[in-house]
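Spelled out from the first residue to the last, the chains are:
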Amino acid sequence: MSEKVIKEAIENEKMACPKCKQPIRKYEKYAETIDAVRDGFNIQEIDSHASRVTLLCGNGDCNWKDRTEYWEDMID
Ligand SMILES: [Zn+2]
């Protein structure tokens, strides 16, 4: 999963705000989560394919926003 998926989900109004049920309009601070594993003197980086994003409702006066790793679960 990637930032493109979030962008498209928002453009296609596939993510709903849990507070007002309107489509989420914005996101910010997208970041990939990388788990680093220490193996003796070597540090192995493992891409966990997780990513974290701040979702913002952006409808009317609804001020809902959330920083989550589980944004995939919010896509219809
Ligand atoms: Zn809302």
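Residues numbered from 1 in each chain as written. Predicted model: local features only at pLDDT ≥ 70, side-chain atom pairs only at ≥ 80, totals over all residues.

### Considering the overall build of the protein chain
A count of helical and extended segments in the protein chain gives 1 helix and 3 strands. The burial tally for the protein chain puts 11% of its 76 residues in the buried class. Looking at the protein chain alone, contacts between residues at least 24 apart form 49% of all its contacts between residues at least 6 apart. (Helix = DSSP H or I, 4+ residues; strand = E, 2+ residues; numbered from the N terminus. Buried ≥ 20, exposed ≤ 12 C-beta atoms within 10 Å, placed from the backbone. Contact = placed C-beta atoms within 7 Å.)

### Focus: the environment of Pro23
Turning to its location among the elements, Pro23 is positioned in the loop between α1 (3-11) and β1 (26-39). Sequence-wise, Pro23 and Glu13 are 10 residues apart; in three dimensions their C-alpha atoms are separated by 5.1 Å.

### Focus on the nonpolar core
Core analysis: the biggest nonpolar cluster contains 8 residues, these being Ile6, Ala9, Met15, Cys17, Ile24, Leu55, Cys57 and Trp71. If we skip the residues at most four places from it in the chain, Ile24 touches Ile10, Met15, Ala16, Cys17, Leu55 and Cys57. (Core = buried A, V, L, I, M, F, W, Y, C linked by C-beta atoms within 7 Å.)

### Describing the environment of Ala9
Following the sequence through the fold, Ala9 ends up in helix α1. Placed 15 residues apart in sequence, Ala9 and Ile24 show a C-alpha to C-alpha distance of 9.1 Å. The contacts of Ala9, once residues within four sequence positions are left out, are Lys14, Met15 and Ile75.

### Describing the environment of Glu3
You can see Glu3 is positioned in helix α1. Along the backbone, Glu3 and Tyr27 are 24 residues apart, and their C-alpha atoms lie at a distance of 9.8 Å.

### Concerning the confidence of the model for the protein chain
Summing up the model confidence of the protein chain, the mean pLDDT is 88 and the portion of residues at 70 or higher is 84%. The least confident element of the protein chain, judged by mean pLDDT, is strand β2 (residues 42-56) at 78; the most confident is strand β3 (residues 65-68) at 96. (pLDDT = per-residue confidence, 0-100.)

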